[in-house]
Amino acid sequence: MKPVSGRKSPVLYLLGILTVLLCPEGLQGCIPPPEVKHGHFTYIQKQTWGTDVVEYECQEGYTLVGEARISCRFFSWSPPAPQCKALCPKPEISNGKLSVEKDQYVSSETVTARCDPGYRMVGSQNIFCSENKSWSPDVPKCEKVSAEVCEAVLKGQKLLQCHPNAMEAKVVLELHKLSLEIEKLEQEKRKLEIA
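Please read all numbers here as calculations on a predicted model, not as lab measurements.

Undergrad: Got a minute to help me understand the nonpolar core in this structure?
TA: Note that soluble globular proteins tend to have their nonpolar side chains buried in a common cluster. Among the nonpolar cores identified, the biggest contains 13 residues, and L98, Y105, V111 and W135 are the most heavily contacted of them. Of all the secondary-structure elements, those providing two or more residues to this core are β9 (110-115), β10 (119-122) and β11 (126-129). With three residues, β9 is the largest single contributor of residues to this core. Contact partners of L98, with chain neighbours within four places excluded, come to K90, P91, I93, Y105, V111, T112 and A113. Within the second largest apolar cluster, eleven residues are counted, among which are V54, Y56, I70 and W77.

Shown next, in the form of structure tokens:
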């Protein structure tokens, strides 16, 4: 039996309705794009049976890490949704420097602070940019070391207060050791000259 032209077959019509009602949402098109903390997406292209494309943006004070645009093909989003990471301003450390110098840092990024010679660190040497856009623990300070303390270094005391950096302290200690050996050799030379 031939279908009458201009009229749809009732069986096909019912089959279409059943497919829409019984099939999961993913088979009718893409599932909603992933939500991103501290950000939002905008549809660039939306189709029922084609490719959906969205573009992500972050709130002020956050930066996008990953691809800004993702698309839905074959019922899944690709590449993975980006992240919006907090931005921390460059920590200011008078009389000191950072292991990595930048204007802004991204959350979870860690930097190491070092004090200039003649200054000692008060606080933690390693700090990281936290999710709330601040440094944790607090940004350290570099305080001037008194001349008396630095003179004590020559006698091998309080070495780490004048040189908080382990490498600098090791070099100073080696130089101190070398100066003691030279002093000892000079004393032995004087003894031989007297004898």
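Let's pick the thread back up.
Undergrad: I'm lost on the packing of aromatic side chains in this one. Help?
TA: In this description, a pair of aromatic rings is defined by centroid distance and the angle of the planes. For the structure shown, the criterion picks out three aromatic pairs. When the ring of F41 is compared with that of Y43, the centres are 5.9 Å apart and the planes differ by 85 degrees; the resulting orientation is edge-to-face. Geometrically, the ring pair formed by Y105 and W135 is edge-to-face, given 5.2 Å between the ring centres and 75 degrees between the ring planes. Here Y105 is found in strand β8 (residues 104-106), whereas its partner W135 is found in strand β12 (residues 135-136), with 30 residues between them in sequence. Residue Y105 is classed as buried on the basis of its relative accessible area, which comes to 0%. Look at W135 and you get buried, because its relative accessible area is 10%.

Undergrad: Sorry, what's going on with the state of the cysteines here?
TA: The term disulfide refers to a covalent linkage connecting the sulfur atoms of a pair of cysteines. Counted by the stated rule, this structure contains three disulfides. The disulfide partner of C58 is C84, and the gap between their sulfur atoms is 2.1 Å. Disulfide C58-C84: the torsion about the S-S bond is -85 degrees, which places it as left-handed. Residue C58 is located in strand β2 (residues 52-58), and its partner C84 is located in strand β6 (residues 83-89); the two are separated by 26 residues in the primary sequence. In this structure C84 comes out as buried when scored by relative accessible area, which is 7%. Here C88 is linked by a disulfide to C129, with a sulfur-sulfur distance of 2.1 Å. Of note, the bridge from C88 to C129 carries an S-S torsion of about 85 degrees and is right-handed in sense.

The rules we used
- Positions within a chain are numbered from 1, following the residues in the order the chain's sequence is written.
- Given that the model is predicted, a residue must reach a pLDDT of at least 70 before its local features are reported, and side-chain atom pairs must reach 80 or more before they are shown or counted; all residues, however, enter totals for whole chains, interfaces and linings.
- Heavy atoms from the whole structure form the basis of all side-chain values; hydrogens and water molecules are not counted.
- Put simply, buried Ala, Val, Leu, Ile, Met, Phe, Trp, Tyr and Cys residues joined by side-chain atoms within 4.5 Å make one nonpolar core.
- Three exposure classes are used, based on accessible area relative to the maximum for each residue type with a 1.4 Å probe and protein chains only: buried under 20%, partly exposed in between, and exposed over 50%.
- The helix and strand labels rest on DSSP assignments: H or I over at least four residues marks a helix, E over at least two residues marks a strand, and numbering proceeds from the N terminus.
- It only takes one pair of heavy atoms within 4.5 Å for two residues to be counted as in contact.
- Only centres within 6.5 Å qualify two rings of Phe, Tyr or Trp (six-membered ring in Trp) as a pair; their planes then separate them into stacked at under 30 degrees, edge-to-face at over 60, and tilted for everything else.
- Any two cysteine sulfur atoms within 2.5 Å of one another count as a disulfide.

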